[in-house]
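# Understanding the architecture of this molecule
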Amino acid sequence: MEAKQSPLLDTVGVGDLVLVDPLSEESLLENLKERFKHKEIYTYIGNVVISVNPYQPLPIYSPQAVEEYRNCSFYALKPHIYAIADDAYRSLRDRDRDQCILITGESGAGKTEASKQVMSYVAAVCGKGEQVNQVKEQLLQSNPVLEAFGNAKTIRNDNSSRFGKYMDVEFDFKGEPLGGVISNYLLEKSRVVRHIKGERNFHIFYQLLDGGSDQLLKDLKLERDCRRYGYLSRDDHSLPGVDDAANFRAIQDAMRVIGFSAAEVRALLEVTAVVLKLGNVPLSSQFHASGMESCEIQDPRALREICQLIGLEEVVLEQALCSRTVEAKKEKVVMTLSSAQGSYGRDALAKNIYSRLFDWLVNRINQSIKVDSNERRKVMGVLDIYGFEIFQDNSFEQFVINYCNEKLQQVFILMTLREEQEEYVREGIQWTPVKFFDNSIICSLIEQSNGGILAMLDEECLRPGTVSDLSFLAKLNQMFAAHEHYESRTTQNNKRISDPSLTDSCFRIHHYAGKVTYNVSGFVEKNNDLLFRDLSQAMWKARHELLRSLFPEGDPQKASLRRPPTAGFQFKASVATLMKNLYAKNPNYIRCIKPNDSKQAGVFTDALVQMQVRYLGLLENVRVRRAGYAYRQAYQPCLERYKMLCKQTWPHWKGSARDGVQVLLSNLPVPPTELAYGRTKIFIRTPRTLFDLEERRRQRVSELAALIQALYRGWKCRTRYLLMRKSQILISAWFRGHAQRHRYQQTRMSVILIQAYIRGWKSRMLLRELKHQQRRSRASAIISAHWKGYRTRKEYRKYFRSGASAMLANFIYRRLVQKFFLRLQKNLPPMVVTDRSWPAAPYKFLANTNEELKKIFYLWKCKKYRERLMPERKALLQDKLCASELFKDKKTLYAQSVPQPFQGEYLGLQKNPKYRALQTAAGGKLVLADNVRKVNRANGKTVPRLFLLTKEHIILADPKAAQPKTVLSLSNVQSVSVTRFSDGFFVLHLRESSAVGTKGDFLLVSDHLIELVTKLHQTLLETTAEGLDLHVADKFCTQFNKGSVAIQVVETEKKGAGPICKKKGSHRMEVLVH
Ligand SMILES: Nc1ncnc2c1ncn2[C@@H]1O[C@H](COP(=O)(O)OP(=O)(O)O)[C@@H](O)[C@H]1O
Ligand SMILES: [Mg+2]
């Protein structure tokens, strides 16, 4: 019941051929066929995956499928290529074992597809991150680039790998990819120049021509039409379902991702174009008179273009193609070539350039994906090598390809069949041997270093003298006459077998996968793989860096006479390295089977599959697997791995590892038939037991992990809790301390405050008390003093004299007055008359005295001043005094006149002879002489007059004639009227009795009115002892001969020379003053 649920049994047929019952070739085939019909293309034999090419896309490679198989044990799901990829990857990551995945099968069986699926699965599960993704991308993208240059359409496979590829992917300890290394094996370079009908040249040529832009093709001097190129098939080249142009874009992108620079891509394409164009260099023969044949280039166009592309002179290449330098006895001889030789050389050049370019490409990719770090790496190798090939006409290439497959089969046999059985014997396990075909004999037939086919071929190539393929064949016939896996016409003849399929130039080898007849022609030449030195030297001369670097042997300085190793030798060496590499790793097998020869989906050709099943040795594989044990492991690692499943062995087992494993397994419910104890290893028969063990381990590990987790979490929580508790205590201690300090400070402050208040209050009380006491004591002292004084006065009054107090007062007064005078004496004011200052009285009772003293001092000062005055100055001051008496506070003009000194003589009578008459008239008694203006009594206009005052007269004279006009006796002057304002207008009132008076009063205007009137007053006073009758008024009456006229003084704003008189009617005149 339980078994039925297994995915291996639950599907169509059985998922694992080990379970086929009864086991026979038919049942095995039937099972495969049944499954294939139901699109179950994968079947196991133990841990070997058999894959039958479905030739149709199946929906089993989705990301969901990846997730399903990820971390799921090998037999837990339906057989799948992902399961083996996952098993290998996990074993690499978790058990630290380098892995290799060997994919074998015929051409077109699905090896390349399988390798891609393995790579994509590993890429999907092996960690993420920017850097990891970049590495993954580089590794994955190397595939399309290599396929473009190394794959081609063949009859069997539209995308057949024409080279062997082994890729080591390197991982770090976490299982993340770091990079990788790609090795390539034997590119089928003959395809560059030739391929059979129905096949194609390498993809890249078609991709370049289809997908290259017009510009690119122009630069590379290419034409888009494939039919124009001799090396490409001249018939239809397109592949159904393949877009060469799109693939070209894809490989360009891929190269960018890998890290090719634009210049590198360009150089790569240029060299590719050169190869293509070489096929178009036409060589034709020419016969010379001597009968010698030589070749020449008919149309130099292609040659020219090639030379332009690679930077080489045309002649150099032309010479190299058409002639050959031969060294004979240290002399160089140039030989012309026949056209056949020329074409051969040209094709050899094309093949060599292409194969070297391919090697360069692989190296360049390796440069990008190689791992720089020195850390320890784990390696997973994926081998996708060309499958076994049996054609109608098989040549050297098939020979080496099949040799390689033979070696791989040997690995498989060694590791799965022989090694396993030998191990049982070694380990002392009971065992019935299973028969199987061991192909070591075939391998050594080919590779044995002395006497193997390859060695003999080399020998033939190096042998001096004429070498031919047939002589090589003859040697083989001789050498392997009795070898059971070698056959030829000669050996057959010897055995009297007639077989028309085997011609004279062929030999046949019975490979593990079938008999293959090889045509010996071309073996020697292909093994030699020689390129004429002229050609390699010509290539080295090119300026094209990449092309140049492909032909280092062309450098004349490095030219060595040693022959390069033969192709066969190189291939053998690289296969040997590969084998060494594979033996060092844990193998995982994917065996691909081709169901039909026509690439058709759903067609299962029994005979074809049967043949493959046979030569793959699948039946033996199943037998060994069924009889044997699925799993073995040394005791120590086994104990280490499962010791947790048993109490005795966990955590430490003290005894030997074997005993430990025995105790461990006997404690588990494992049937004893499932186990066998070898000398150093434990053997487990069925995978189921192993899975059971693994499952138990998984559960136990998760329990232990949970336990460790729990313990760790507990520990972590505890330490965290303890830490938190400690911190909490610390924090609360600090907090409490802080709070307590704070409260204490507050209390302390309050206490101090209260204390201060109380002390203050007490002190104030005390102070008040003390003050009270002080006042009381003072009061009592005063009272007692008064009282004592009163009593004393009362007692002594009768003894005092009555005037004592007045005497005392007098004394004090005297002292004070004395002091006052003494101080006054020191502080007397200066003797300047205008200075009225006087020190203030120090005591109030001295105020009156002080005022009196001030007056006296001033008068005395004036007196002293007057005594010092000169007589003239004195007279002048008297005049001024007189003027002040007359005008002060009466007429505004007075104030202006105060600072002007009275000159008396303004006309300069004595100096001017013109005025002599006037001088005589004055008669030496002149008091004043001045210019005045006389107001016309009729119209109020003024005329200038000279005014002279003598001690007796007033003389008015005309200024021009300077003759007295009016002479007026002083006694006739009755009075003078002036205005209150600052004008110089005055009226000279005359007595009516006088002779002049009949004419009436004079109205005059003087600029020195104050002086004039003052002098007149003084003169009158002197002569008549009577002063001048002066009126200061706004209105006055004048007597003119025509009657009296009232004069009205009017104050105006207008400013002018003097007062303006306006006559208003006959009796009124207005004087406008200001
Ligand atoms: N797993 C598969 N699913 C669908 N088609 C496949 C598968 N494997 C192979 N094929 C088809 O078979 C063809 C040949 O496969 P390929 O891997 O190139 O063969 P080989 O490398 O063995 O010569 C592929 O082009 C593809 O069309
Ligand atoms: Mg392939």
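To continue, consider the sheet that holds strand S28 (residues 1035-1040). Strand order in the open sheet formed by four strands is S28-S29-S31-S30, and the pairing between neighbours is mixed. Strands at the two margins of the open sheet, each flanked by one partner only, are S28 and strand S30 (1060-1063). The sheet shows a mean angle of 25 degrees between the axes of neighbouring strands, direction not considered. Relative to strand S31 (residues 1068-1073), strand S29 (residues 1043-1051) runs parallel, the two sharing six bridges. Following the sheet pairing, Val1049 is matched in S31 by Val1071.

Most of strand S12 (residues 378-384) is tucked away, with seven of its seven residues classed as buried. On S12, burial covers both faces: Lys378, Met380, Val382 and Asp384 on one face and Val379, Gly381 and Leu383 on the other are all buried. Across five bridges, strand S3 (residues 99-104) lies against S12 in parallel orientation. Bridge assignment links Cys100 to a residue of S12, and that residue is Gly381. As paired elements, strand S6 (residues 164-171) and S12 share seven bridges and run antiparallel to each other. Bridge pairing links Phe171 to Lys378 in S12.

Right, let's talk about the sheet that holds strand S26 (residues 1002-1006) for a bit. With mixed pairing, the eight strands of this open sheet are ordered in space as S23-S22-S21-S20-S26-S25-S24-S27. Sheet topology places strand S23 (964-969) and strand S27 (1030-1032) at the edges, where each strand pairs with a single neighbour. Mean inter-strand twist for the sheet, computed between neighbouring axes without regard to direction, equals 30 degrees. Where strand S20 (residues 926-935) meets strand S21 (residues 942-950), nine bridges bridge the pair, whose relative direction is antiparallel. Its bridge partner being in S21, Leu926 is matched across the sheet by Thr950.

On to the coordination of the magnesium ion (ligand 2), then. At the metal site, the magnesium ion (ligand 2) is ligated by Thr112 (OG1) and Ser161 (OG), and these contacts range over 2.0 to 2.3 Å. Here Thr112 is found in helix H4 (residues 111-125), whereas its partner Ser161 is found in strand S5 (residues 160-161), with 49 residues between them in sequence. For Ser161, a relative accessible area of 11% puts it in the buried group.

Considering the arrangement of structural elements, one finds Gln410 in helix H13 (residues 396-427). For Gln410, a relative accessible area of 11% corresponds to the buried category. Only 3.5 Å separates the side chain of Gln410 from the side chain of Ser440, close enough to count as a polar contact. Those residues in contact with Gln410 that sit more than four places away from it in its chain are Asn439, Ser440, Cys443 and Tyr583.

At a closest axis distance of 11 Å, the pairing of helix H6 (residues 203-211) and helix H9 (residues 262-278) adopts a crossing angle of 105 degrees. Considering the angle they form, H6 stands roughly perpendicular to H9. Across from Ile204, Phe205, Leu208 and Leu209 in H6, the residues of H9 making contact are Leu269, Thr272, Val275 and Leu276. Grouping the amino acids of the contact of H6 with H9 by side-chain chemistry returns seven nonpolar, one polar and no charged.

Take unusual backbone geometry next. Cis peptide bonds are those with omega within 30 degrees of zero, and the linkage from Trp650 to Pro651 qualifies with 0 degrees. For Pro651, the location among the structural elements is in the loop between helix H24 (635-642) and helix H25 (657-666). Within the chain, Tyr55 stands out as a residue other than glycine whose phi angle is a positive 50 degrees. Mapping Tyr55 onto the fold places it in the loop between strand S2 (48-52) and helix H2 (63-69).

Quick look at the site of ligand 1 now. Close contacts around ligand 1 come from 16 residues, with Asn53, Gly108, Lys111, Thr112 and Asn157 the closest. Tyr61 places a side-chain nitrogen or oxygen 3.0 Å from a nitrogen atom of ligand 1. The side chain of Asn157 places a nitrogen or oxygen atom 2.8 Å from an oxygen atom of ligand 1. Considered on its own, ligand 1 offers 550 Å² of accessible surface; in the complex 85% of this is hidden by protein. Of the residues belonging to the shell around ligand 1, the class tally is four nonpolar, nine polar and three charged.

Moving on, we get to a nonpolar patch on the surface. Taken together, the side chains of Leu753, Ile754, Tyr757, Ile758, Trp761 and Met765 define a hydrophobic patch exposed on the protein surface, amounting to about 670 Å² of accessible area. Along the polypeptide, Leu753 turns up in helix H26 (residues 687-796).

In this section: the nonpolar core. Phe149, Ile353, Leu361, Phe399, Phe507 and Ile590 are the most contacted members of the largest nonpolar core, which totals 184 residues. Counting residues per element, this core draws most heavily on helix H12 (residues 339-369), which supplies 12 residues. Once you skip the residues sitting within four places of it in the chain, Ile590 turns out to touch Val49, Ser51, Ile81, Ile84, Ile101, Leu102, Ile103, Thr104, Ala114 and Val118. In this structure, Phe902, Leu988, Val1013 and Leu1016 belong to the second largest nonpolar core, which totals 31 residues.

With that out of the way, let us pick up the packing of aromatic side chains. By the definition in use, this model includes 30 aromatic pairs. With 5.2 Å between their ring centres and 65 degrees between their planes, Tyr813 and Phe845 make a pair best called edge-to-face. Taken together, the residues Tyr813 in helix H27 (residues 804-826) and Phe845 in the loop between H27 and helix H28 (847-868) connect sequence positions 32 residues apart. Tyr813 gets classed as partly exposed once you look at its relative accessible area, which sits at 44%.

Let us look at the side chain of Thr272. Here Thr272 lies in helix H9. Residue class for Thr272 comes out buried when judged on its relative accessible area of 1%. Among the polar contacts listed, one links the side chain of Thr272 to the backbone oxygen of Leu268, at a separation of 2.7 Å.

In this structure the tally under the stated criterion is 58 salt bridges. In this structure, the salt-bridge partner of Asp158 is Lys153, at a minimum N-O distance of 3.6 Å. What makes Asp158 partly exposed here is its relative accessible area of 25%. Of the residues examined, Lys153 reaches a relative accessible area of 18% and is grouped as buried. We note a salt bridge from Glu460 to Lys475, for which the minimum N-O separation is 3.6 Å. Taken together, the residues span a long stretch of sequence, with Glu460 in helix H15 (residues 453-462) and Lys475 in helix H16 (residues 469-479) at a distance of 15 residues.

Note on helix geometry: an α-helix contains 3.6 residues per turn, so any two residues three or four positions apart are oriented the same way. The end-to-end C-alpha distance of helix H8 (residues 244-258) is 21 Å, a good match for the 21 Å that 15 residues give at a rise of 1.5 Å each. Those residues of H8 lying buried are Asp244, Ala245, Phe248, Ile251, Ala254, Met255 and Ile258. For H8, the N-terminal cap is Asp243; the gap from its side-chain oxygen to the backbone nitrogen of Ala245 is 3.1 Å. After H8 finishes, the residue Gly259 shows a positive phi value of roughly 120 degrees.

All right, on to the packing of helix H5 (residues 130-150) against H12 then. Running from amino to carboxyl end, H5 crosses H12 at an angle of 175 degrees, the nearest separation of the two axes being 11 Å. Classified by the angle between their axes, H5 and H12 sit roughly antiparallel to one another. Note on element contacts: H12 touches H5 through Tyr354, Leu357, Phe358, Leu361, Val362, Ile365, Ser368 and Ile369, opposite Gln138, Leu139, Ser142, Val145, Leu146, Phe149 and Gly150. Residue classes in the contact of H5 with H12 are distributed as 11 nonpolar, four polar and no charged.

Turning next to the pairing of S6. Where burial is concerned, most of S6 is hidden: eight out of the eight residues are buried. Taking every second residue as pointing to the same face, both faces of S6 are buried, with Gly164, Tyr166, Asp168 and Glu170 on one and Lys165, Met167, Val169 and Phe171 on the other. Across eight bridges, S6 lies against strand S7 (residues 177-185) in antiparallel orientation. Paired with Glu170 across the strands is Gly179, a residue of S7. Taken together, S6 and the strand that follows it, S7, pair antiparallel across an intervening segment of five residues, in which Gly175 is found at a positive phi of about 85 degrees.

Spanning 14 residues, helix H3 (residues 81-94) covers 20 Å between terminal C-alpha atoms, matching the ideal 20 Å at 1.5 Å per step. Counting buried positions along H3 gives 10 out of 14 residues, so the element sits mostly inside the fold. Immediately downstream of H3, the backbone of Asp96 shows phi near 60 degrees, a positive value.

Parameters and conventions
Residues numbered from 1 in each chain as written. Chains lettered and ligands numbered in written order. Predicted model: local features only at pLDDT ≥ 70, side-chain atom pairs only at ≥ 80, totals over all residues. Heavy atoms only, no water. Pairing = 2+ DSSP bridges. Helix = DSSP H or I, 4+ residues; strand = E, 2+ residues; numbered from the N terminus. Axes fitted to C-alpha atoms, helices over the stretch in contact; angles between N-to-C directions. Buried < 20%, exposed > 50% of the residue type's maximum accessible area, 1.4 Å probe, protein only. Donors = N, O, S within 2.8 Å, 3.2 Å for Na, K, Ca; no water. Polar contact = N/O pair within 3.5 Å; in protein donor to acceptor, adjacent residues only side chain to side chain. Contact = heavy atoms within 4.5 Å. Parallel < 35°, antiparallel > 145°, perpendicular 65-115°, else oblique. Nonpolar A, V, L, I, M, F, W, Y, C, P; charged D, E, K, R; others polar. Near = heavy atom within 4 Å. Areas by Shrake-Rupley, 256 points an atom, 1.4 Å probe, with all protein chains shown as cover. Patch = residues over 30% accessible without salt bridge, like charges linked within 9 Å, V, L, I, M, F, W, Y side chains within 5 Å. Salt bridge = Lys/Arg side-chain N within 4 Å of Asp/Glu carboxyl O. Core = buried A, V, L, I, M, F, W, Y, C linked by side-chain atoms within 4.5 Å. Phe/Tyr/Trp six-rings, centres within 6.5 Å; stacked < 30°, edge-to-face > 60°. Expected span 1.5 Å × (residues − 1).

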